[in-house]
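Here are the chains, one letter per residue:
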Amino acid sequence: MYIVLSLAILMTMVLAIARALRGPTIYDRVLAVNLFGTKTALLLAVIAFLIDRPDFLDLALAYALINLVGILAVLQFIQMNPSKANEASDHD
Amino acid sequence: MKNKTESPKYTITVWQLLGTFLVLMTTWLLWSGLYKPLLISLGVFSCSLSLWLAQRTGFFRHALPIRSLLRLPALWWWLLIEVIKSSIEVARIILSPSLPIQPELVEFTTTEKTNSGKVILGNSITLSPGTVTIDVDEDRLLVHCLTSNTANELRSREVERRIEKLEIE
Amino acid sequence: MINTVMDVLSWILLCSGGVFVLIGGIGALRLPNFYTRLHAASLTETMATILIFVGMILQAGFSLEALKLAVIMLFLLLTAPTASYALANAALQSGMRPKAESAKVESPNAQTGNSES
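In this report, we go over the structure that sits alongside the text. (Residues numbered from 1 in each chain as written. Chains lettered and ligands numbered in written order. Predicted model: local features only at pLDDT ≥ 70, side-chain atom pairs only at ≥ 80, totals over all residues. Heavy atoms only, no water.)

Details of the side chain of B:Ser128
All names here are of chain B. We count it as follows: By the criteria applied, helices consist of DSSP H or I runs no shorter than four residues and strands consist of E runs no shorter than two, each listed in order from the N terminus. Type-normalised accessible area, obtained with a 1.4 Å probe on protein chains alone, sets the label of each residue: buried when under 20%, exposed when over 50%, and partly exposed for intermediate values. For this analysis, a polar contact is any N or O atom pair within 3.5 Å, provided that within protein one partner can donate a hydrogen and the other can accept it, and provided that sequence-adjacent residues contribute only side-chain to side-chain pairs. Working rule for contacts: check all heavy atoms of both residues, and any pair within 4.5 Å makes them a contact.
With respect to the secondary-structure elements, Ser128 resides in the loop between helix 5 (115-127) and strand 2 (131-137). Owing to a relative accessible area of 12%, Ser128 belongs among the buried residues under this scheme. Of the polar contacts made by the side chain of Ser128, one reaches the backbone oxygen of Ile125; its length is 3.3 Å. In contact with Ser128, not counting residues within four places along its chain, are Val83 and Ser86.

Written out as structure tokens, the structure is:
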């Protein structure tokens, strides 16, 4: 049963990657990456129950923390370098 | 640094420091699970470091009084019901083949005075699917709504009233 | 008896959580522009997170794991709106105007003339 749940989360991660590849703006990509990151934390928590190893919960917390800091850092970078951000979104 | 000039004086009570330290230390002990003198002293060290850093970034300037914190669960319970209602609506919109969205921007001035009140208001609005706070400027909030239905719900100002209740004596 | 009820309840929560995760992913792909996609993302970030974590807490029972799960859930729920706000505000500041009906000004002393689609 946990397998079905983790497959559903994996499916959503694939959809998020599809959105990240499609763009069209840089913010769509960051949104997709954020979605991917929170789903990683969720997936790790589910895996902890799937293979019955509670240590994975600590990893889930670490991923949740890193995701937030990472997204804020990326946004800060984009705001500091608007020209580079535009380059990245024109690349599509 | 800009904020420092705006409100130069604020006092940190011993209780605030002690309470935060206790919360941090409990978290450390729960997560480490090993109770050796070396690890516990490392824990005390990193908790003190976090306290110092928090104090430097102005964490305690925006601290809520304890009676507001105790009233948070009531707000959370109400938010949970709102989240369930609006997520079912948003899910129905996403799954319907014609995508019946009518995005609407709602702008309103809030009566919240404190910064923490504004943060709680903005985050509560964002938390329920269908409404996202996209700009906060002084006491003006700009909210993006997915449908006119959710926009109307926002206009009833129910969230604001609930949050104001946190601060009443 | 009570155990079976808890078990069934938690499985219902976990299943609907999975469904909501998928709907959010589909929404992120289907909705037409950035600001509407934010709503789909917040659907998985709040509703699905609550459902899946509460389901797992019921499975874990009264234990250290349940406490850890509750802390992770609280952290995710407190930070998700902050991240969405930072993202939406960054997009707004970069000059990306949401396609929407013009702003309705709620209070007379608010500034007018913001954001015409």
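Picking up where we left off.
A word on the interface of chain A and chain C
Heads up, the rule is: Two parts placed together each lose some accessible area under a 1.4 Å probe, and adding up what both lose gives the buried area. One speaks of a salt bridge when a side-chain nitrogen belonging to Lys or Arg is within 4 Å of a carboxyl oxygen belonging to Asp or Glu.
Taken together, the contact between chain A and chain C spans 37 residues of the former and 38 residues of the latter. Across the chain A/chain C interface, buried area totals approximately 3,500 Å², and carbon plus sulfur atoms make up 80% of it. When the buried surface of chain A facing chain C is broken down by residue, A:Arg19, A:Tyr27 and A:Leu31 rank first, second and third, together holding 17% of it. Seen at the junction of chain A and chain C, the total is two salt bridges. C:Arg37 is paired through a salt bridge with A:Asp28; the nearest N and O atoms lie 2.3 Å apart. Linking chain A with chain C are five residue pairs in polar contact (both at pLDDT 80 or more), by the criterion used here.

Side note on the packing of helix 2 (residues 14-32) of chain B against helix 3 (residues 37-56) of chain B
Residue and element names in this part refer to chain B. The condition that has to hold: As a rule, the C-alpha atoms of each element are fitted with a line to give its axis, helices using only the stretch in contact, and angles between N-to-C directions run from 0 to 180 degrees. Comment on the angle field: the value is read as roughly parallel under 35 degrees, roughly antiparallel over 145, roughly perpendicular from 65 to 115, and oblique elsewhere. The sense of a crossing depends on the near helix, which, turned anticlockwise from the far helix by less than a right angle, makes the crossing left-handed and, turned clockwise, makes it right-handed. Under the grouping applied here, Gly and all other residues not named as nonpolar or charged are polar, the nonpolar ones being Ala, Val, Leu, Ile, Met, Phe, Trp, Tyr, Cys and Pro and the charged ones Asp, Glu, Lys and Arg.
Orientation of helix 2 relative to helix 3, taken along the N-to-C sense of each, is 135 degrees, at an axis distance of 10 Å. One finds that helix 2 runs oblique with respect to helix 3. In this structure, helix 2 crosses over helix 3, and the sense of that crossing is right-handed. Here Leu17, Thr20, Phe21, Leu24, Met25, Trp28 and Leu29 of helix 2 come into contact with helix 3, specifically with Leu39, Ile40, Leu42, Gly43, Val44, Ser46, Cys47, Ser48, Ser50 and Leu51. A per-class count over the contact of helix 2 with helix 3 returns 12 nonpolar, five polar and no charged.

The quantities given are spatial measurements derived from coordinates; they are silent on function.
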